[in-house]
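# Tertiary structure, described
The lines below spell out each chain.
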Amino acid sequence: MLVRKSNIATLDSDPAAVIGLAAAAQRIRGDVSPKLIALASQQEAQGWAQLGNVDRFNGCLE
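A short tour of the structure in this document, coming up. (Residues numbered from 1 in each chain as written. Predicted model: local features only at pLDDT ≥ 70, side-chain atom pairs only at ≥ 80, totals over all residues. Heavy atoms only, no water.)

## Topic: unusual backbone geometry
The cut-off we apply is this: In this text, helices come from DSSP runs of H or I with a minimum length of four residues, and strands from runs of E with a minimum of two, each type numbered from the N-terminal end. Per-residue accessibility, obtained with a 1.4 Å probe over protein chains only, is compared with the maximum for each type, and a residue is labelled buried under 20%, exposed over 50%, and partly exposed between these values.
Even without glycine at this site, Ser13 takes up a positive phi of about 55°. Its place among the elements puts Ser13 in the loop between α1 (2-11) and α2 (15-26). The class of Ser13 is exposed, set by a relative accessible area of 59%.

## Topic: the side chain of Gln43
Among the secondary structure elements, Gln43 is positioned in helix α3 (residues 34-51). What makes Gln43 buried here is its relative accessible area of 5%.

## Quick look at the environment of Ala23
Summarising the element assignment, Ala23 is placed in helix α2. Its relative accessible area of 16% is what places Ala23 among the buried residues. Sequence spacing of Ala23 and Leu51 is 28 residues, and the spatial spacing of their C-alpha atoms is 15 Å.

## Concerning the packing of α1 against α3
Using the following cut-off: The angle between two axes is taken between their N-to-C directions and runs from 0 to 180 degrees, where each axis is a line fitted to C-alpha atoms and a helix contributes only its stretch in contact. Should an angle fall under 35 degrees it is taken as roughly parallel, and over 145 as roughly antiparallel, whereas 65 to 115 is taken as roughly perpendicular and any remaining angle as oblique. Crossing handedness follows the turn of the near helix against the far one: under a right angle anticlockwise gives a left-handed crossing, and clockwise gives a right-handed one. Residue contacts are defined here by distance: any two heavy atoms, one from each residue, within 4.5 Å place the two residues in contact.
Put simply, α1 and α3 touch, their axes get as near as 10 Å, and they point 25° apart. Judged by the inter-axis angle, α1 sits roughly parallel to α3. As α1 runs across α3, the sense of the crossing is left-handed. Packed against α1, whose contacting residues are Val3, Ser6, Asn7 and Thr10, the element α3 presents Leu36, Leu39, Ala40, Gln43, Gln46 and Gln50 at the interface.

## Some remarks on the environment of Gly59
Positionally, Gly59 belongs in helix α4 (residues 54-61). The spacing of Gly59 and Ser33 is 26 residues in sequence and 21 Å in space, taken between C-alpha atoms.

Following this line, the structure appears as C-alpha cells:
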C-alpha cells in the first residue's frame, strides 16, 4: 500500500511524500517480495530526481 501511495504522490508532484512513503515501504519487515522492495527503491529514486538530487537518486538505484 505504501508503494501505491508513493506512486500517487508522484502523480501529484509531491516529491517529499514520494520519498517518505517509498522509504517506509523499504523498512517493512517480514514476508515482502524482493520485487516490491525494488519497486519502492525505484519510486524513492524518482522522488529524489524530482528534487534534482542526483546523488540520492543514484544511491537508490544501486
